[in-house]
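The lines below spell out each chain.
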Amino acid sequence: MLAKQAKRAPLTVHKQAKRGLHREIFALEIKVALNQFNPNKVVGLDGMSTLFFQQYWHIVGDDVTKVILSFLNNDASLDYINQ
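What counts as what
- Residues numbered from 1 in each chain as written.
- Predicted model: local features only at pLDDT ≥ 70, side-chain atom pairs only at ≥ 80, totals over all residues.
- Heavy atoms only, no water.
- Helix = DSSP H or I, 4+ residues; strand = E, 2+ residues; numbered from the N terminus.
- Buried < 20%, exposed > 50% of the residue type's maximum accessible area, 1.4 Å probe, protein only.
- Contact = heavy atoms within 4.5 Å.
- Areas by Shrake-Rupley, 256 points an atom, 1.4 Å probe, with all protein chains shown as cover.
- Core = buried A, V, L, I, M, F, W, Y, C linked by side-chain atoms within 4.5 Å.
- Phe/Tyr/Trp six-rings, centres within 6.5 Å; stacked < 30°, edge-to-face > 60°.
- Axes fitted to C-alpha atoms, helices over the stretch in contact; angles between N-to-C directions.
- Parallel < 35°, antiparallel > 145°, perpendicular 65-115°, else oblique.
- Left-handed = near helix turned anticlockwise from the far one by under 90°.
- Nonpolar A, V, L, I, M, F, W, Y, C, P; charged D, E, K, R; others polar.
- Bend = angle between axes of the 7 residues up to and from the residue.

1. Here's the deal with the overall build of the protein
- Within the protein one finds five helices and zero strands.
- Each helix and strand of the protein, ordered N terminal to C terminal, gives the series α-α-α-α-α.
- Out of the 83 residues in the protein, the part that is buried amounts to 12%.
- A separation threshold of at least 6 residues defines the contact pool for the protein, and within that pool the share at least 24 residues apart is 32%.
- Total accessible area on the protein stands at roughly 7,400 Å², and carbon and sulfur atoms take up 59% of it.

See the structure below:
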């Protein structure tokens with residue numbers, strides 16, 4: 001029953017939610033989001049656990065933040081990271 005209703009639901013994003021998706025992301029939000037992850041999980045193919053980034057944020061945080069903000073706010077390519 002619920003699956004049938006979901007198929008009939010319009011695929012639209014409410015205007016207020018859409019504004020939230022298209023807003024600028026700030027550095028503090030990156031750190032807050034990182035600290036919400038389970039420290040024992042590996043989130044990427046590089047095998048680096050969240051714990052690494054949480055423990056060494058004082059060392060890598062500025063560089064990681066610059067890359068993430070560049071991607072999210074300016075549509076920068078991340079191709080160079082995987083070379």
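2. Let's talk about the nonpolar core
- Ile25, Ile30, Leu34, Phe53, Trp57, Val60 and Leu69 form the largest nonpolar core, which has seven residues in total.
- When contributions to this core are tallied by element, the ones reaching two or more residues are helix H3 (27–36) and helix H5 (57–74).
- If you tally residues by element for this core, the top one is H5, at three residues.
- In this view, Phe53 contacts Leu34, Met48, Val60 and Val64; residues no more than four positions away in its chain are not counted.

3. A look at unusual backbone geometry
- Not every positive phi belongs to a glycine, and Asp75 is a case in point at roughly 55 degrees.
- Since its relative accessible area comes to 69%, Asp75 is described here as exposed.

4. Things to note about the packing of aromatic side chains
- The final tally for this structure, using the stated rule, is two aromatic pairs.
- Considering the side-chain rings of Phe52 and Tyr56, the 5.3 Å spacing of their centres and the 40 degrees angle between planes classify their relative orientation as tilted.
- Taking the relative accessible area as the measure of exposure, Tyr56 reaches 40% and is therefore partly exposed.
- An aromatic cluster is defined as three or more aromatic residues linked by ring pairs; in this entry it consists of Phe52, Phe53 and Tyr56.

5. A few points about the packing of H3 against H5
- In the contact formed by H3 and H5, the axes pass within 9 Å of each other and the chain directions differ by 115 degrees. In this view, H3 runs roughly perpendicular relative to H5, as classed from their interaxial angle. Helix-helix and strand crossings are classified by hand; for H3 and H5 the assignment is right-handed. Where H3 approaches H5, its residues Ala27, Ile30, Lys31 and Leu34 are matched on the opposing element by Trp57, Thr65, Ile68, Leu69 and Leu72.
- Among the residues making up the contact of H3 with H5, the classes are represented as seven nonpolar, one polar and one charged.

6. Describing H5
- A maximum bend of about 25 degrees is found in H5 at Asp63.
- Every buried residue of H5 is listed here: Trp57, Val60, Gly61, Thr65 and Leu69.
- Of the residues one or two after H5, Asp75 is the one with positive phi, at around 55 degrees.

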